[in-house]
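Descriptive analysis of the structure
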Amino acid sequence: MDKQTSTLQSAIRLGTHGEDYGSWMSKPVFYMMGGFAAAALILAALSFAVFHVTALGIIFIIALIALLAFIGWMIWIRGQYAFGGGGMMDKAHQAILSNLDYDGNGTLLEVGCGSGPLTIRAALTWPQTKVVGVDYWGAMWDYSKALCEKNAASEGVASQCSFQKGDANKLDFADETFDAVISNYVYHNIMGADKQDLLLESLRVLKKGGVFAINDCMKPKMYGDMEAFARKLRGMGYQDVRLINTSELVFGSESRANMMMLGNSRMLVGRK
């Protein structure tokens, strides 16, 4: 870990000018679960009052209680993630940039920028760097290019940052375009994609000598053997390749990471 960069990270305070960075627990998920809870309540009422089927009504009441408990758990997680709340999003971003062996000169790509906080933090960390944020901006999250640009302008780094729609399966950049590549909890959300192929696609656009720090929920059933993948990269000529346990670094323990739906959090770092 770069101590100088780490010290700088702790001094940066995002979201203090009214920026909207949202949360990893998105509002549409709450709307969906709230809809299920409302449906369970209505069906329970109909079962008792109209159909007079007590057993069915009890089943819907149990379902309602379970849904309300799940919503309560999601509210807790959302608060833990949020800027100005538990700050886990911010802590993860600090960990990524503190473990990126980057000199701050050149161009940096974030794959899956969401609402822009990590892209913006990178720009604030390295004022000489041009930072590009790419995201698909799916409907599940309340994020957009316009929101990213608004946040960057509010934080005073609009001239350093650019944002564009893109697909992590096939990045719209030539080989060896960037001096650094970062990503945070993105690839596990991309259904049907081979996660190691996604990693290789992100590394494709990295210049020779460029550095990377890619953090995700790297469960073996999704990612396969990541230690073997790290060895594969070393065999391809990559240097200083290692996996960092961010379940402990960011959340404090594997069990707490699991409680927040991000168990097996690992960060792949190194140099091309």
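Anything mentioned here points back to the structure above.
Residues numbered from 1 in each chain as written. Predicted model: local features only at pLDDT ≥ 70, side-chain atom pairs only at ≥ 80, totals over all residues. Heavy atoms only, no water.

1. Remarks on the pattern of salt bridges
Tallied over the full model, the rule gives six salt bridges. Between Glu254 and Arg266 there is a salt bridge, with its nearest N and O atoms 3.2 Å apart. Here Glu254 is found in helix α11 (residues 254-259), whereas its partner Arg266 is found in strand β7 (residues 265-271), with 12 residues between them in sequence. A relative accessible area of 24% means that Glu254 is categorised as partly exposed. Via salt bridges that share partners, Asp175, Glu201 and Arg204 belong to a single interconnected network. (Salt bridge = Lys/Arg side-chain N within 4 Å of Asp/Glu carboxyl O. Helix = DSSP H or I, 4+ residues; strand = E, 2+ residues; numbered from the N terminus. Buried < 20%, exposed > 50% of the residue type's maximum accessible area, 1.4 Å probe, protein only.)

2. Quick look at a nonpolar patch on the surface
A surface patch of nonpolar side chains, amounting to about 670 Å² of accessible area, comprises Ile42, Leu43, Leu46, Val50, Phe51, Val53, Leu56 and Ile59. Among the secondary structure elements, those contributing two or more residues to the nonpolar patch are α2 (27-49) and α3 (54-81). A per-element tally of the nonpolar patch places α2 first, with three residues. Within the secondary structure, Val50 sits in the loop between α2 and α3. A relative accessible area of 48% places Val50 in the partly exposed class. (Patch = residues over 30% accessible without salt bridge, like charges linked within 9 Å, V, L, I, M, F, W, Y side chains within 5 Å. Areas by Shrake-Rupley, 256 points an atom, 1.4 Å probe, with all protein chains shown as cover.)

3. Overview of α2
For α2, spanning 23 residues, the distance from its first C-alpha to its last is 33 Å, which sits close to the expected 33 Å at 1.5 Å a residue. Every buried residue of α2 is accounted for by Val29, Phe30, Met33, Ala37, Ala40, Ala44 and Ser47. (Expected span 1.5 Å × (residues − 1).)

4. Some details on the packing of aromatic side chains
On inspection of all chains with the given rule, the structure shows five aromatic pairs. With a centroid separation of 5.1 Å and an interplanar angle of 45°, the aromatic rings of Tyr21 and Phe83 are classed as tilted. Of this pair, Tyr21 sits in the loop between α1 (3-11) and α2 while Phe83 is found in the loop between α3 and α4 (88-98), placing the two residues 62 residues apart along the sequence. Grouping residues by exposure puts Tyr21 and Phe83 together as buried. Between Tyr102 and Trp126, the aromatic rings sit 5.0 Å apart at their centres with planes inclined by 80°, giving edge-to-face as the arrangement. Placement of the pair is Tyr102 in the loop between α4 and β1 (107-111) and Trp126 in the loop between α5 (117-125) and β2 (130-135), with a sequence separation of 24 residues. Of the residues examined, Tyr102 reaches a relative accessible area of 7% and is grouped as buried. Note on Trp126: relative accessible area 7%, which makes it buried. Sitting over the face of the ring of Tyr136, Lys165 holds its NZ or CZ atom 4.3 Å from the ring centroid. (Phe/Tyr/Trp six-rings, centres within 6.5 Å; stacked < 30°, edge-to-face > 60°. Lys NZ or Arg CZ within 6 Å of the ring centre and 35° of its normal.)

5. Side note on the nonpolar core
In this structure, Tyr81, Leu100, Leu108, Ile182 and Phe251 are the most contacted members of the largest nonpolar core, which totals 54 residues. With sequence-adjacent residues up to four places away left out, Leu108 is seen in contact with Leu100, Tyr102, Ala122, Trp126, Thr129, Lys130, Val131, Val132, Phe178, Ala180 and Ile182. (Core = buried A, V, L, I, M, F, W, Y, C linked by side-chain atoms within 4.5 Å. Contact = heavy atoms within 4.5 Å.)

6. As for the layout of surface pockets
If a probe the size of a water molecule is rolled over the atoms, the empty space left behind becomes visible. Reported here for the largest pocket is a volume of approximately 1000 Å³. Taken together, 43 residues form the lining of the largest pocket, with Trp141, Tyr185, Val186, His188 and Asn189 sitting closest to its centre. Counting residues per element, the ones that place at least two in the lining of the largest pocket are α2, α3, α4, β1, α5 and β2. It is α3 that provides the largest number of residues to the lining of the largest pocket, a total of four residues. Tallied by class, the residues present in the lining of the largest pocket amount to 29 nonpolar, 11 polar and three charged. (1 Å grid on protein atoms, 1.4 Å probe; cavity = no way out; pocket = protein on both sides within 12 Å on 5 of 7 lines; lining within 4 Å. Points joined across faces, edges and corners; volume = space filled by probe spheres on them. Nonpolar A, V, L, I, M, F, W, Y, C, P; charged D, E, K, R; others polar.)

7. A short note on the pairing of β7
Among the seven residues of β7, five are classified as buried, and the element is accordingly described as predominantly covered. As paired strands, strand β5 (residues 206-217) and β7 are joined by seven bridges and run antiparallel to one another. Each bridged residue has a counterpart across the sheet, and for Val211 the counterpart in β7 is Arg271. Note that strand β6 (residues 239-245) and β7 share five bridges and pair antiparallel. Bridge pairing in β7 places Gln239 opposite Arg271. (Pairing = 2+ DSSP bridges.)

8. Here's the deal with unusual backbone geometry
Even without a glycine there, the phi angle at His52 is positive, about 55°. Note that His52 resides in the loop between α2 and α3. Using a relative accessible area of 60% as the deciding quantity, one classes His52 as exposed.

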